[in-house]
Amino acid sequence: MSELIPITITVGDRSYRIKVEPEHEESVRKTARFIHDKVQEFKQQFAGKDMQDYVSMALIWFATQNAQQVQGQLLSQELEEGFNRLDALLDKQIAAMGAEGGQ
């Protein structure tokens, strides 16, 4: 395990000092920046809320997007597995037909 490095990220109007593994730093910074940008977007769309509302909306949006991607990946895996089973059945049937024709 590598040594953790301290970084500062901003979400909403607050800065947070966190420690991350060096290989995750870029990903954490990109995610924090994406959430920060989404908070700013919600501030423009829904004036009059407080910062906690905007942060909550952004995080719910982010989590929902992530969940949809995971569901899409699971569906893709299920489809691939189904096609592989179908392909195996077709290969088996073709092989059986070839064996019958060779008799």
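A. Structural context of the pairing of strand E1 (residues 5-11). Inspection of the sheet shows E1 paired to strand E2 (residues 14-20) by seven bridges, in the antiparallel sense. Bridging from a neighbouring strand, Thr-10 pairs with Ser-15 of E2. Once E1 ends, the chain turns through two residues before running back antiparallel as E2, passing Gly-12 with a positive phi of about 65°.

B. Expanded view of the pattern of salt bridges. All told, the structure shown has four salt bridges when counted by the stated rule. We note a salt bridge from Arg-33 to Asp-37, for which the minimum N-O separation is 3.4 Å. One end of the pair, Arg-33, and the other, Asp-37, are both in helix H1 (residues 25-45), four residues apart, so they sit about a helical turn from each other. With relative accessibility at 37%, the residue Asp-37 sits in the partly exposed group. Across the pair Lys-38 and Glu-41 runs a salt bridge, and its minimum N-O distance is 3.1 Å. On the criterion of helical spacing, the pair formed by Lys-38 and Glu-41 is a turn pair, its members being three residues apart in helix H1.

C. Representation of a nonpolar patch on the surface. Nonpolar side chains collect at one region of the surface, where Leu-75, Leu-79, Phe-83, Leu-86, Leu-90 and Ile-94 lie side by side and expose about 610 Å² of accessible area between them. Locating Leu-75 in the fold gives a position in helix H2 (residues 51-101).

Calculation notes
- Residues numbered from 1 in each chain as written.
- Predicted model: local features only at pLDDT ≥ 70, side-chain atom pairs only at ≥ 80, totals over all residues.
- Heavy atoms only, no water.
- Pairing = 2+ DSSP bridges.
- Helix = DSSP H or I, 4+ residues; strand = E, 2+ residues; numbered from the N terminus.
- Salt bridge = Lys/Arg side-chain N within 4 Å of Asp/Glu carboxyl O.
- Buried < 20%, exposed > 50% of the residue type's maximum accessible area, 1.4 Å probe, protein only.
- Patch = residues over 30% accessible without salt bridge, like charges linked within 9 Å, V, L, I, M, F, W, Y side chains within 5 Å.
- Areas by Shrake-Rupley, 256 points an atom, 1.4 Å probe, with all protein chains shown as cover.

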